[in-house]
Amino acid sequence: MPEITSVRTTAEAIGRITCIKTGEEIGLLYQWDNGKTQAAIYEDGSTESLGCQNQVSEQSLSAKRS
């Protein structure tokens, strides 16, 4: 039988998701170390993960951390 190995993946916040109408930040866009992206949308103090193809985001959050 093949051995099952657990590989831990990590993600980095790469953008802010803002509401088009209000300009309010509504979530963050993350990029995983495997190259995939994922949106985390704020909702009543919690987050909900969605596919990010249709999300609006700023370019780079990490560049603004300095």
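Cut-offs used in this document
Residues numbered from 1 in each chain as written. Predicted model: local features only at pLDDT ≥ 70, side-chain atom pairs only at ≥ 80, totals over all residues. Heavy atoms only, no water. Salt bridge = Lys/Arg side-chain N within 4 Å of Asp/Glu carboxyl O. Buried < 20%, exposed > 50% of the residue type's maximum accessible area, 1.4 Å probe, protein only. Pairing = 2+ DSSP bridges. Helix = DSSP H or I, 4+ residues; strand = E, 2+ residues; numbered from the N terminus. Core = buried A, V, L, I, M, F, W, Y, C linked by side-chain atoms within 4.5 Å. Contact = heavy atoms within 4.5 Å.

Draft legend 1. Looking closely at the pattern of salt bridges. Summed over all chains, the structure comprises 1 salt bridge. Salt-bridge contacts for R16 lead to E25; the nearest nitrogen and oxygen are separated by 2.9 Å. With a relative accessible area of 27%, E25 lands in the partly exposed category.

Draft legend 2. Representation of the pairing of strand β1 (residues 11-18) in the model. By the bridge criterion, 7 bridges tie β1 to strand β2 (residues 25-32) in an arrangement that is antiparallel. Across the sheet, E12 pairs through a bridge with Q31, a residue of β2. What sits between the antiparallel neighbours β1 and β2 is a turn of 6 residues, in which G23 has the positive phi angle 80°.

Draft legend 3. Highlighting the nonpolar core. Judged by nonpolar contacts, I14, I17, L29, A39 and I41 together constitute the single largest core of 5 residues. Looking at this core, the elements that each hand over two or more residues are β1 and β3 (37-43).

Draft legend 4. Representation of the environment of Y30 in the model. Structurally, Y30 is set in strand β2. Classification of Y30 as partly exposed rests on a relative accessible area of 27%. Remark: the alpha-carbon pair of Y30 and A13, spanning 17 residues in sequence, is separated by 4.3 Å. The residues contacting Y30, other than those within four sequence positions of it, are A11, E12, A13, I14, K36, T37, Q38 and A40.

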